[in-house]
Protein chains: 2
Amino acid sequence: MSLLEKISDQATTLTPSERRLVENVIDSPTTAALGTAGELAKAAGVHEATASRLAKKLGFESYAAFRDALRDEFIATRETATRFEKTIAESTSGTILGELAREETQALGRIEEFITPEQIAEAAQILMRAQRIFVYGYGNAEVLALMMVKRFRRFGKDTHQLDTDPRGLAEQMLGLGSDDAVLSFAFRRPPRGYAALMETAKEVGAKTVMISGKSGALLTPRPDRLLAAPRSGDQDAFQTLTVPMTICNAIVIAAGLTAKEESLKKLDRLGQLIERFE
Amino acid sequence: MSLLEKISDQATTLTPSERRLVENVIDSPTTAALGTAGELAKAAGVHEATASRLAKKLGFESYAAFRDALRDEFIATRETATRFEKTIAESTSGTILGELAREETQALGRIEEFITPEQIAEAAQILMRAQRIFVYGYGNAEVLALMMVKRFRRFGKDTHQLDTDPRGLAEQMLGLGSDDAVLSFAFRRPPRGYAALMETAKEVGAKTVMISGKSGALLTPRPDRLLAAPRSGDQDAFQTLTVPMTICNAIVIAAGLTAKEESLKKLDRLGQLIERFE
DNA sequence: ACAAATTTGCAAGAAATATTGCAAACTCAA
DNA sequence: TTGAGTTTGCAATATTTCTTGCAAATTTGT
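### Some words on the pairing of strand E4 (residues 207–212) of chain A
Residue and element names in this part refer to chain A.
Point 1. Burial within E4 is extensive, with five of its six residues counted as buried.
Point 2. Examined bridge by bridge, strand E3 (residues 181–186) and E4 share six bridges and lie parallel to one another. Residue pairing across strands places Phe185 opposite Ile211, the latter belonging to E4.
Point 3. You can see the chain leave E3, run along helix H12 (residues 194–204) and come back into E4, and the turn it takes is right-handed.
Point 4. As judged from the four bridges shared by E4 and strand E5 (residues 225–228), these two strands associate in the parallel manner. The partner of Met210 across the bridge, within E5, is Leu226.

### Describing the sheet that holds strand E2 (residues 158–161) of chain A
All names here are of chain A.
Point 1. Within the open sheet, the five strands sit side by side as E2-E1-E3-E4-E5. Their pairing is parallel. Two strands bound the open sheet, and with one partner strand each, they are E2 and E5. Across this sheet, the average inter-strand angle for adjacent strands is 15°, counted without regard to direction.
Point 2. Contacts between helix H10 (residues 141–154) and the sheet are confined to strand E1 (132–136), E2 and E3, with E2 contributing the most and set at about 165° to the helix.

### Overview of the protein's contact with DNA strand C
Point 1. Near DNA strand C you find 19 residues, and of these Ala37, Ser52 and Lys56 of chain A together with Thr15 and Arg53 of chain B are the closest.
Point 2. Of everything in DNA strand C that lies within 4 Å of the protein, sugar and phosphate atoms constitute 70%.
Point 3. The separation between a base oxygen of DNA strand C and a polar side-chain atom of Arg53 of chain A is 2.7 Å.
Point 4. Take Arg67 of chain A: an N or O atom from its side chain is 3.0 Å from a phosphate oxygen of DNA strand C.
Point 5. Elements with a contribution of two residues or more to the surface near DNA strand C: helix H4 (37–44), helix H5 (48–57) and helix H6 (63–74) of chain A together with helix H2 (16–27) and helix H5 (48–57) of chain B.
Point 6. Top element by residues in the surface near DNA strand C is H5 of chain A. It accounts for five residues.
Point 7. Classifying every residue of the surface near DNA strand C by side-chain character gives six nonpolar, eight polar and five charged.

Thresholds applied
Residues numbered from 1 in each chain as written. Chains lettered and ligands numbered in written order. Predicted model: local features only at pLDDT ≥ 70, side-chain atom pairs only at ≥ 80, totals over all residues. Heavy atoms only, no water. Buried < 20%, exposed > 50% of the residue type's maximum accessible area, 1.4 Å probe, protein only. Helix = DSSP H or I, 4+ residues; strand = E, 2+ residues; numbered from the N terminus. Pairing = 2+ DSSP bridges. Right-handed = clockwise from strand over helix to strand, strands pointing away. Axes fitted to C-alpha atoms, helices over the stretch in contact; angles between N-to-C directions. Contact = heavy atoms within 4.5 Å. Near = heavy atom within 4 Å. Polar contact = N/O pair within 3.5 Å; in protein donor to acceptor, adjacent residues only side chain to side chain. Nonpolar A, V, L, I, M, F, W, Y, C, P; charged D, E, K, R; others polar.

The structure is reproduced here in structure tokens:
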């Protein structure tokens, strides 16, 4: 029996104050699920003691147990790798594609909470001012690395994808200079060779830009510019590249704008030409 | 300043115990956001006092303030959910990133008008039943091709990325058999060599799946399965890969589900291993 | 290898949160 | 209107959670 059913079963025996509390819970369940008894009581305009009593009346051991039930029900906390499957099964119009699109939408909607326009502009500026750009990404991140290499080559930038193999990487880094920029990606774990890459870049004075998920916040040594935003999808299982890819696209567009003359149109014409003859 | 920035700021000065705490937070932010300092500490195997101190070190007034920040950023309450919908749908935020996110959202919202659940399921089935998978994409599409190669290799499928160079392509196609599947991508123009690839596949009886933008409808010869949905972005300017990438992700998830037993769990464990040792 | 500095856990106690006895306020029936 | 029954808030108490001084353990520099 779901929590809300449990509550509505009691609906006839609820006192006025209790009813106000329940209405409040139904109205904003997540807020109630996160707050304290006192907060809920205040929102409903009743005394906290009443909230405490309500929890017991509804059959819970304590207010804490009631709140836990609320959290279970209303807060999406990924429990297992099968969460997505579960979501699909439960949702009425459950299609994989639809659910996926919904999650991406939600993640995209929050993107600006993590990345400021300045960060985009600065990243674009660093890359466009660089004499050469070295792009580093491995595992899934290699996909984005490849994309950025392609995009910046279209701008006419001297762009290279760094080897994922430590030896090749070391060799490529020998030529790194102070006018160069390193763009790197990391999700989940910092890639092998990351530290060496960053240290070398710092030594020679090359600028470093990093695009990452949450885990980027822990990276040491720190890049000059860090653009970190959580990805969408299941924590433990399948995380998509939509959010970081959108950040990349924003940088590409900003880069196109900072290149003054070259507007998007020119980018496109060039792009079409290249695609046609590629 | 966002939580991730605060963490990043302190990343170099974190003590071992503090780092373990932060890793724990990053790995399962929602759990941390809901729990107490003691619970987080226990999960990280350190003393709760350390958790309390970490909160202060990151610049928060108290552990409670730290947890509030976690909730803000990582728990999708209804307020945050509706907030983005409004922001995204209506207002033009005036930033590149915001505008981009808005466009992607719109395109994603329409994706189910073009792709049915059956198409996703069939594509997944074809790929998972194939003995070998050959993936073909060039220009920007190469990015998605690479992604799919990585994803299906994780499923343990014998997956190969086809050469974009006509000669190499011809050579690789020699071994194509009736149990194989070809997954190809095309945007704007059909790639060079596309016709030859499709004809060869038809001759030997290999199944073909194509993911494309609007232009896919015009392709000849026709693939066995065509998944075409318009991309986001200006028609003539900068079109992103978000929509086709989401279709790809849906196929990967569907493939994982049809692989019944192990599905995402296996994908995850194997994936983590691969990433760690890659 | 030693001393200084840092980190960590322990445990006391501070603060926040929840519970409950009690009395005032309220409701309803006669 | 009165009185029995119910509901509610108050305030004291209990419980949970957080903070901090201190000392042990660990690390760092010489």
